[in-house]
Amino acid sequence: SSGINAEWPLRPGGVGAYEMVYAAITAFVNEGDEAVVIEPHFDCYVGDMALCGGKLVRVPLRPTGDGTYAKNWVLDKAEFEAAFSERTKLLIITTPHNPVGKIFTTDELEYISSVCKRQDVIVVSDEVYERVVFDQNKHVRIGSLPGMWERTITIGSAGKTFSVTGWKVGWALGAPALMEQLTHVTSCTSFTAPTLLQEAVAGGLEYERSVAHTDEAYFKWLPAKLQDNCRKLSDAFSSIGCQPVWPDGGYFMLVDTAPMGWDFTEEATGRCYDVDCVKWLTREFKLATIPISVFYGEQNRHLSGKYIRVCCAKSDDTIEKACQIIKSLKSKKI
């Protein structure tokens, strides 16, 4: 059901999915090449492309209809197709998405696939949150779609899969011709991740396969737990007038703070609103969040509006304390 074939080649043992993304970009991007990326996007893609002398061409997700649901943040097809050129080597996509929390549907992925095949580009599919799927949503691997296996590098993470981010074990999945190029890169960087950690991750995967779809499965518990955490944070923010964007899955949730009327212009920092907002929340209330303007390039940074990103992958105690702080903000004035 996950679209994985046991015979598919795997490039294991990277120092986290972070290194696998770096290897995928480095393997195929040369000076002057371009990669299309869907934004907002994880920040490491910027540095990886810069190291290769490449250029990111960004296409934003835009809220349509009821923008309080991540599923309604979508690509403008004309805008997306116009981003490709003869210099385009890669498309970088993240699903479940960070920071929006969107899971691309089969229809959306089939459309994206058709463009990539027509433009003859390789897809780097960052799927580190694949085990955190909420409600009735379904995670689909773009590499499992017709004609996409040969041109897709799927990135996975033990840290996100088993909530052990400090272990830094990641992997890449793809056709032999693609994996060979990644191996050329990783053999000159970290070479491999610690063997004992790889053994532990392999054991965890084997155990999960043996208890799949039972109450013993961590992969059943994890999304349910994080969805419950998201619901608690969403309710807390909604109670003070903020507008959460309900995610399809992943670790994160966007929250629109615009209804609060917070204004930081008098501070004259020259920074985006959301940067001043999260610094204020951290400094004054010990509530740590992330500004999403940092996930945009300069051209589309205005789309970050007054959104901030909150993390739902926290302990019960932290979630409870966060909710208490959030509810106290209702009476706070700047």
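In the block above lies the structure referred to throughout.
Calculation rules
Residues numbered from 1 in each chain as written. Predicted model: local features only at pLDDT ≥ 70, side-chain atom pairs only at ≥ 80, totals over all residues. Heavy atoms only, no water. Axes fitted to C-alpha atoms, helices over the stretch in contact; angles between N-to-C directions. Helix = DSSP H or I, 4+ residues; strand = E, 2+ residues; numbered from the N terminus. Left-handed = near helix turned anticlockwise from the far one by under 90°. Contact = heavy atoms within 4.5 Å. Nonpolar A, V, L, I, M, F, W, Y, C, P; charged D, E, K, R; others polar. Pairing = 2+ DSSP bridges. Buried < 20%, exposed > 50% of the residue type's maximum accessible area, 1.4 Å probe, protein only. Phe/Tyr/Trp six-rings, centres within 6.5 Å; stacked < 30°, edge-to-face > 60°. Lys NZ or Arg CZ within 6 Å of the ring centre and 35° of its normal.

K.L.:
Looking at this structure, how should I read the packing of helix H1 (residues 16-28) against helix H2 (residues 44-51)?
P.N.:
Each pair of packed helices can be summarised by the angle the axes make with each other and by the distance between the axes. One can describe the packing of H1 onto H2 by two numbers: an axis separation of 9 Å at closest approach and a directional angle of 35°. Remark: the crossing between H1 and H2 carries right-handed chirality. The residues of H2 that touch H1, namely those facing Tyr18, Val21, Tyr22 and Ile25, are Cys44, Tyr45, Asp48, Met49 and Leu51. A per-class count over the contact of H1 with H2 returns 8 nonpolar, no polar and 1 charged.

K.L.:
I would appreciate a short explanation of the sheet that holds strand S9 (residues 243-245) in the present structure.
P.N.:
The strands that make up a sheet are held in pairs by hydrogen bonds between backbone atoms, and each pair lies either parallel or antiparallel. Spatially, 4 strands are ordered S9-S10-S12-S11 in an open sheet, and the strand pairing comes out antiparallel. Of all strands in the sheet, those bounded by a partner on one side alone are S9 and strand S11 (290-291). Alignment of strand S10 (residues 252-256) against strand S12 (residues 307-311), held across 5 bridges, turns out to be antiparallel. Bridge pairing in S12 links valine 255 to isoleucine 308. Strands S9, S10 and S12 of the sheet are contacted by helix H8 (residues 218-239), whose axis makes an angle of about 10° with S10.

K.L.:
Where do I start with the pairing of strand S8 (residues 169-173) in this structure?
P.N.:
Successive side chains on a regular strand alternate, one facing one side of the sheet and the next facing the other. Of all 5 residues that make up S8, 5 are buried, and the element is covered over most of its length. Here strand S7 (residues 152-157) runs beside S8; their pairing, made up of 4 bridges, is antiparallel. Each residue of the ladder has a partner; that of serine 157, found in S8, is glycine 170.

K.L.:
I'm lost on the packing of aromatic side chains in this one. Help?
P.N.:
Any aromatic ring pair is given by two values, namely how distant the centres are and how the planes are angled relative to each other. Per the stated rule, a full pass over the model turns up 16 aromatic pairs. Consider the rings of tyrosine 251 and phenylalanine 252, whose centres lie 6.0 Å apart with planes at 65°: the pair is edge-to-face. Taking relative accessible area as the criterion, tyrosine 251 reaches 7% and is therefore assigned buried. Since its relative accessible area comes to 8%, phenylalanine 252 is described here as buried. Judged by centre distance (5.4 Å) and plane angle (55°), the ring pair of phenylalanine 264 and tyrosine 273 falls under tilted. What links up through ring pairs into an aromatic cluster is the set Trp262, Phe264, Tyr273, Trp280 and Phe285. Note that arginine 231 overlies the ring of tryptophan 246, its terminal NZ or CZ placed 4.0 Å from the centroid. Note that lysine 306 overlies the ring of tyrosine 273, its terminal NZ or CZ placed 4.8 Å from the centroid.

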